[in-house]
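# Structural description and commentary
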Amino acid sequence: MASSPLDTSRPDRLIAAQALSRAAGAPLLTGNAVELLIDAAVHYQRWLAAIRHARKRVLLENYIIRDDSVGRAFRDALVERALAGVFVAVVCDWVGCLGQSGAAFWKPLREAGGQVRVFNRPQLGRPFGWISRDHRKVLVVDGELGFLSGVCISEKWLGDPSRGVAPWRDTGVALRGPAVAEVEAAFARSWAGTGAPLPRWPAEALHEPPGQVSLRVIATEPSTAGLYRLDQQIAAMARKTLWLTDAYFVGVAPYVQALAAAARDGVDVRLLVPGSSDIPMVAGLSRSGYRPLLKAGVRVFEWNGSMIHAKTAVADGIWARVGSSNLNVASWLGNREIDVAVEDQGFARQLAEQYETDLGNATEIVLAPRRRLRGERVQRSGEDPAAQLRRAARRPRGGNGSSGRAAASALRLANSVGAVLTDRRVLGDTDISPLVIGTVALTVLAVVAALWPAIIAWPLALLSAWFALNLAVRAWRTRQARQRRRQDDDDAN
């Protein structure tokens, strides 16, 4: 029997359990069964099977549901259940599904009796409201079986074998037990935020616990920051290991400092991120933040496959997190997200083993040695041949010109050879890609503004008109609300 790492029979564990509950805003739930799901093909198989066997209700919430073969398979399964009298409710995100699926895609489900709502369309009176997104990936069936993950419903996650594009690497869980009610309650809050609330269903009776796993369901909403506080707590409490996987890591200073402090204290802190991303700008921002982590002793790895989209953490072999939240401000503070924090040695061991497997397809990033003064030579014991070749390529040569270019070519070759031999890539003084992108973008903007000012002026005019209209609507609504309050006060008097 696997025990919770936060056994409350010890005072220090009781304090830790209380701290985690308060940080996450989520209680510890016992008696659950948790199954680790790896990659989209397994997810889609399990999700579709669960939908097709639904008897009472299907609740689906996902950031992206795309009109392709995968999306149509899910829609058709939902249509079949709706026609059979099963209650079907779907929440998808307006930004996530923009250009991916629309009213025509959902028409068959609505005609079959299913309900579909789009989260947070642009609204008058809320000029910045659209920034908050529903980034959750949730499925609940009959109140008995729940899923949460980082996987969206799109062919993209399956790769493209005809073009040699490997499937995306992603992670999720299947849940049974008290946690399912928490996931369903989180869906109900998203549903109520888009219109009338869900019907009330009687609680599902659990004759005996389906498992022995303790966990927390952390359903964050904008500005709540529950997962951010929990991530900070775990970084502070980890004693041996803290292994992180993230798709869009843009670490804020307090969290980077927490990871660095853990690494300096001897904790084995590792961060696995994409080597190539579907959002190149985010990848550039991630790389620009490597240096303080590496200097503190955090080991950083880049995935060599098409895309790693998983959002996981495992600490000390006893605590693990899986879900939709990325390690960035948008997920921590701006979006609706959902994660599960599992306190079980067996599950944590599974996730740690998967992490080690993933590192087999990743390249470690290391700091480049500082340049030495001319004539200074440093001999390192046990230095590998690739490192010697890199150091030799950096030695000053007489003059510039072709000899300088030869040295640069040798350095590039050494880095390539080193990556093959040591499975590492050297990080230079800084990753310049964000600077280059910013320079090019601003230069293009300046040229366009100088040569064709109308191209800049018209969008600015439309944007100003949009904000002016929103502010006017907001002012009118505020005035109406104030008048209603005054009327109510007068009636009460």
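Going by the structure above, here's the rest.
Summarised in this report is the structure supplied together with it. Small disclaimer: the values here were computed from a predicted structure and weren't measured.

Reading guide: rules and limits
Residues numbered from 1 in each chain as written. Predicted model: local features only at pLDDT ≥ 70, side-chain atom pairs only at ≥ 80, totals over all residues. Heavy atoms only, no water. Helix = DSSP H or I, 4+ residues; strand = E, 2+ residues; numbered from the N terminus. Buried < 20%, exposed > 50% of the residue type's maximum accessible area, 1.4 Å probe, protein only. Contact = heavy atoms within 4.5 Å. Areas by Shrake-Rupley, 256 points an atom, 1.4 Å probe, with all protein chains shown as cover. Patch = residues over 30% accessible without salt bridge, like charges linked within 9 Å, V, L, I, M, F, W, Y side chains within 5 Å. Salt bridge = Lys/Arg side-chain N within 4 Å of Asp/Glu carboxyl O. Core = buried A, V, L, I, M, F, W, Y, C linked by side-chain atoms within 4.5 Å. Lys, Arg positive; Asp, Glu negative; His and termini not counted. Charge placed at Lys NZ, Arg CZ, Asp CG, Glu CD. Phe/Tyr/Trp six-rings, centres within 6.5 Å; stacked < 30°, edge-to-face > 60°.

Our next topic: the overall build of the protein. Each helix and strand in the protein was counted, giving 15 helices and 16 strands. Burial status across the protein gives 45% buried among its 493 residues. By sequence separation, contacts in the protein at least 24 residues apart represent 81% of the contacts at least 6 residues apart. When the accessible surface of the protein is split by element, carbon and sulfur atoms take 57% of a total near 24,700 Å².

The subject of this paragraph is a nonpolar patch on the surface. Together, Leu-124, Leu-460, Leu-463, Trp-466 and Leu-469 give the surface a local cluster of nonpolar side chains, amounting to about 430 Å² of exposed area. Note on placement: Leu-469 falls in helix α15 (residues 453-492). Taking the relative accessible area as the measure of exposure, Leu-469 reaches 42% and is therefore partly exposed.

Time to look at the nonpolar core. Among the nonpolar cores identified, the biggest contains 43 residues, and Ile-65, Val-90 and Leu-109 are the most heavily contacted of them. Beyond its immediate stretch of four places on either side in the chain, Ile-65 contacts Leu-60, Val-90, Cys-92, Cys-97, Gln-100, Ser-101, Phe-105, Trp-106 and Ile-153.

Attention now moves to a positive patch on the surface. The grouping of Arg-479, Arg-482, Arg-484, Arg-485 and Arg-486 at the surface amounts to a positive patch. Tracing the sequence through the fold places Arg-485 in helix α15.

Once their charged atoms are close, side chains differing in charge can pair, the charge on each being opposite to the other. The final tally for this structure, using the stated rule, is 21 salt bridges. A salt bridge links Asp-160 to Arg-163; its shortest N-O distance comes to 3.6 Å. A residue is classified by how much of its surface remains accessible, and Asp-160, at 22% relative accessible area, is partly exposed. Glu-343 is the salt-bridge partner of Arg-216, the closest N and O atoms lying 3.2 Å from each other. One end of the pair, Arg-216, is in strand β8 (residues 213-220); the other, Glu-343, is in strand β14 (residues 337-343), and 127 residues separate them in sequence. Here Arg-216 and Glu-343 have matching classes, each one buried.

As a further point, take the packing of aromatic side chains. All chains considered together, the criterion is met by 10 aromatic pairs. Geometrically, the ring pair formed by Phe-87 and Trp-201 is edge-to-face, given 5.4 Å between the ring centres and 70° between the ring planes. Of this pair, Phe-87 sits in strand β3 (residues 87-93) while Trp-201 sits in the loop between α5 (178-192) and β8, and the two are 114 residues apart along the sequence. Take Trp-201: its relative accessible area is 28%, and that puts it in the partly exposed class. Through successive ring pairs, a cluster of aromatic residues spans Tyr-44, Trp-47 and Phe-74.

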